[in-house]
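Coordinate analysis (summary)
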Amino acid sequence: MSDLLKVFEHIESYCEETVRLQESLTTRVALGPSNGGTGEHEKVAFIRELIESMQPDRLEEIHAPDSRARDGYRPNLIAGWRGTWDRPTVWVLSHADIVPPGDLSLWEGDPYILRVEGDKLIGRGVEDNQHGFLSAYLALRAIRETGTPLLRPVSFAVVADEEAGSGYGLEYLLKHHRDLF
């Protein structure tokens, strides 16, 4: 069986894990101050634990100062794994913040508690942007768990503030930490 087929087969085994991870992420409300929250701290801490379990070659949390946020900053997470080829890094960008749920009477349940209806997952953040992080995380995890060599270097950037302009997320990183990329 080719390495790629092994990886795909392994990913197929993550169905229940995907639901569990989406459930865990959905309960961690990550509203930025512009949207009535305190920031992405709890969700980024959970994501950091997931990434740490895959032993990245590089892991760094970068704090963008924001006096409105909990502890006075917005967390951004950078993680990277070396590949065997000397090629440019493949970057996967996702964001931790979510938009407010809006009118709660329009929800059939608590937006911060995952509901599973058939093959649909419903909860605030599931589509925007938890799936963006989880799909990359689980793909890389499958590569590592199957012993498939990682050819190109891969890095994740999990940023704050995408839903309100990225001033404390990607824009901040590009302005103050361009050397990361």
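In what follows, the accompanying structure is described. For every chain, the first residue of the written sequence is number 1, and numbering continues from 1 along that sequence. In view of the model being predicted, local features appear only for residues whose pLDDT reaches at least 70, and side-chain atom pairs are presented and counted only at 80 or more, with totals across whole chains, interfaces and linings using the full set of residues. The side-chain numbers reported here are obtained from all heavy atoms of the structure, hydrogens and water having been left aside.

1. Some details on the overall build of the chain
Note the cut-off: Only runs of H or I of at least four residues qualify as helices and only runs of E of at least two qualify as strands under DSSP, and these elements are numbered from the N terminus. This radius of gyration counts C-alpha atoms alone. The globule rule is 2.2 Å times how many residues there are, raised to the power 0.38. Think of it in three bands: residues with accessible area under 20% of the maximum for their type are buried, residues over 50% are exposed, and the middle band is partly exposed, with areas taken using a 1.4 Å probe on protein chains only. Between two residues, a contact is recorded if the distance between any of their heavy atoms is within 4.5 Å. With residues, only the protein chains shown are counted as cover, and all accessible areas are computed by Shrake-Rupley using a 1.4 Å probe. Positive charges come from Lys and Arg, negative ones from Asp and Glu, while His and the chain ends are left out of the count. Charged groups are reduced to one reference atom each: NZ for lysine, CZ for arginine, CG for aspartic acid, CD for glutamic acid.
Tallying secondary structure elements over the chain gives five helices and six strands in all. In the chain, the succession of α and β elements from N to C terminus is α-α-α-β-β-β-β-β-α-β-α. Over its C-alpha trace the chain gives a radius of gyration of 17 Å, about what one expects of a compact globule, namely 16 Å for 181 residues. When the 181 residues of the chain are sorted by exposure, 44% land in the buried category. Within the chain, counting contacts between residues at least 6 apart in sequence, those at least 24 apart form 68% of the total. As displayed, the chain has an accessible area near 9,600 Å², and 51% of this comes from carbon and sulfur atoms. A distance of 5 Å separates the average location of the 19 positive side-chain charges in the chain from that of its 30 negative side-chain charges.

2. Brief notes about the sheet that holds strand 6 (residues 154-159)
In a beta sheet, neighbouring strands are held together by backbone hydrogen bonds and run either parallel or antiparallel to one another. Selection rule: Strands pair, by our definition, only if DSSP identifies at least two bridges between them. The convention used is that axes are lines fitted to C-alpha atoms, helices contributing only their stretch in contact, and that angles between N-to-C directions extend from 0 to 180 degrees.
If you walk across this open sheet you meet the four strands as 1-2-6-3, and the pairing is mixed. Every other strand in the sheet has two partners, leaving strand 1 (58-65) and strand 3 (90-95) as the edge strands with one partner each. Sheet twist, expressed as the mean angle between neighbouring strand axes with direction ignored, is 15°. Where strand 1 and strand 2 (residues 73-81) come together, eight bridges link them in antiparallel fashion. Counted as the bridge partner of Pro65 is Tyr73 from strand 2. Relative to the sheet, helix 3 (residues 41-52) contacts strand 1, strand 2 and strand 6, its axis offset from that of strand 2 by approximately 15°. Together, strand 2, strand 3 and strand 6 form the strand contacts of helix 4 (residues 126-145), whose direction differs from that of strand 3 by roughly 145°.

3. A look at the nonpolar core
Operational definition: Nonpolar cores were defined as sets of buried Ala, Val, Leu, Ile, Met, Phe, Trp, Tyr and Cys residues, with membership established by side-chain atoms within 4.5 Å.
Of all hydrophobic cores here, the largest spans 25 residues; its most connected members are Ile51, Trp81, Phe133, Tyr137 and Phe156. Every residue in contact with Ile51, bar those within four places of it in the chain, is listed here: Pro56, Leu59, Leu77, Ala79, Trp81, Phe133 and Phe156.

4. Describing a nonpolar patch on the surface
Condition: Only residues above 30% relative accessible area that lack a salt bridge enter a patch, with like-charged residues linked at up to 9 Å and the nonpolar side chains Val, Leu, Ile, Met, Phe, Trp and Tyr linked at up to 5 Å. For salt bridges, the criterion is a side-chain nitrogen of Lys or Arg within 4 Å of an Asp or Glu carboxyl oxygen.
Taken together, the side chains of Leu4, Leu5 and Phe8 present a nonpolar region at the surface, about 310 Å² in accessible area. As for its position among the elements, Leu5 is in helix 1 (residues 3-12). Residue classification places Leu5 among the partly exposed residues on the basis of a relative accessible area of 49%.

5. Comments concerning the pattern of salt bridges
Across all of its chains, the model carries 14 salt bridges by this definition. We note a salt bridge from Asp57 to Arg82, for which the minimum N-O separation is 3.4 Å. With Asp57 in the loop between helix 3 and strand 1 and Arg82 in the loop between strand 2 and strand 3, this residue pair connects regions lying 25 residues apart in the sequence. Given the relative accessible area of 41%, Asp57 is considered partly exposed. A relative accessible area of 62% places Arg82 in the exposed class. Taking the shortest distance from any N to any O, the salt bridge between Arg70 and Asp71 comes out at 3.4 Å. A relative accessible area of 58% places Asp71 in the exposed class. One network of salt bridges, in which partners are shared, links Glu40, Asp66, Arg68, Arg74 and Asp161.

6. Some remarks on the side chain of Thr148
Within the element layout of this structure, Thr148 appears in the loop between helix 4 and strand 6. Setting aside chain neighbours within four positions, we find Thr148 in contact with Asp3, Val7 and Ile143.

7. Some details on the environment of Ala157
Tracing the chain through its elements places Ala157 in strand 6. Exposure remark for Ala157: the relative accessible area of 2% places this residue in the buried category. Remark: the alpha-carbon pair of Ala157 and Glu60, spanning 97 residues in sequence, is separated by 9.8 Å. When sequence neighbours within four positions are dropped, the list of residues in contact with Ala157 reads Leu77, Ile78, Trp91, Val92, Leu93 and Ser94.

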